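Chains, contacts and geometry: an overview
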Amino acid sequence: MKKILAVCLAAFIALSLAACGNKTENGTTASNKNGVAGSVVSDVSSDLSSAVSDMSTDIIDNESELSEEKSEKESEKESKKDEKKADTTTELTTD
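Residues numbered from 1 in each chain as written. Predicted model: local features only at pLDDT ≥ 70, side-chain atom pairs only at ≥ 80, totals over all residues. Heavy atoms only, no water.

Topic: the overall build of the protein chain
Looking only at helices and strands, the protein chain has three helices and zero strands in total. Reading the protein chain from its N end, one meets helices and strands in the order α-α-α. For the protein chain, with 95 residues in total, the buried portion stands at 7%. Counting only carbon and sulfur atoms, one obtains 58% of the accessible surface of the protein chain, whose full area is about 7900 Å². (Helix = DSSP H or I, 4+ residues; strand = E, 2+ residues; numbered from the N terminus. Buried < 20%, exposed > 50% of the residue type's maximum accessible area, 1.4 Å probe, protein only. Areas by Shrake-Rupley, 256 points an atom, 1.4 Å probe, with all protein chains shown as cover.)

The following block contains the structure:
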């Protein structure tokens, strides 16, 4: 849960950086007037967006793997319980 919240906050920050540019009268952003600063901001923003996307994909993959492992362990426990019941029943019927 904490990881999902962290990814959401990182995505929010990335989108905020990308969306917050000072508009001038002719519609261009102030960072675009600066040239280098504008390209750095857009590079950082795109890198951050791709990193957030990768992180969220990894988190989703890890959660699905964990849920699969959990269901496998539960089915193994059920199988062991069934085997014990069968053994107990066999022992009782042979006595």
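Here's the deal with the environment of Leu17
The residue Leu17 is located in helix α1 (residues 2-19) in this model. The spacing of Leu17 and Val44 is 27 residues in sequence and 9.1 Å in space, taken between C-alpha atoms.

Observations concerning the confidence of the model for the protein chain
Per-residue confidence for the protein chain gives a mean pLDDT of 75, with 69% of residues at or over 70. No element of the protein chain has a lower mean pLDDT than helix α2 (residues 30-34), at 51, and none a higher one than helix α3 (residues 36-94), at 79. (pLDDT = per-residue confidence, 0-100.)

Re a positive patch on the surface
A cluster of basic residues, Lys73, Lys77, Lys81 and Lys85, forms a positive patch on the protein surface. Residue classification places Lys81 among the partly exposed residues on the basis of a relative accessible area of 49%. (Patch = residues over 30% accessible without salt bridge, like charges linked within 9 Å, V, L, I, M, F, W, Y side chains within 5 Å. Salt bridge = Lys/Arg side-chain N within 4 Å of Asp/Glu carboxyl O. Lys, Arg positive; Asp, Glu negative; His and termini not counted. Charge placed at Lys NZ, Arg CZ, Asp CG, Glu CD.)

Concerning a negative patch on the surface
A contiguous patch of negative charge, built from Asp54, Asp58, Asp61, Glu65, Glu68, Glu69, Glu72 and Glu76, is present on the exposed surface. Structurally, the position occupied by Asp61 is in helix α3.

Comments concerning the environment of Ala6
Structurally, Ala6 is set in helix α1. Put simply, Ala6 and Ser56 are 50 residues apart on the chain and 9.6 Å apart in space, counted from C-alpha to C-alpha.

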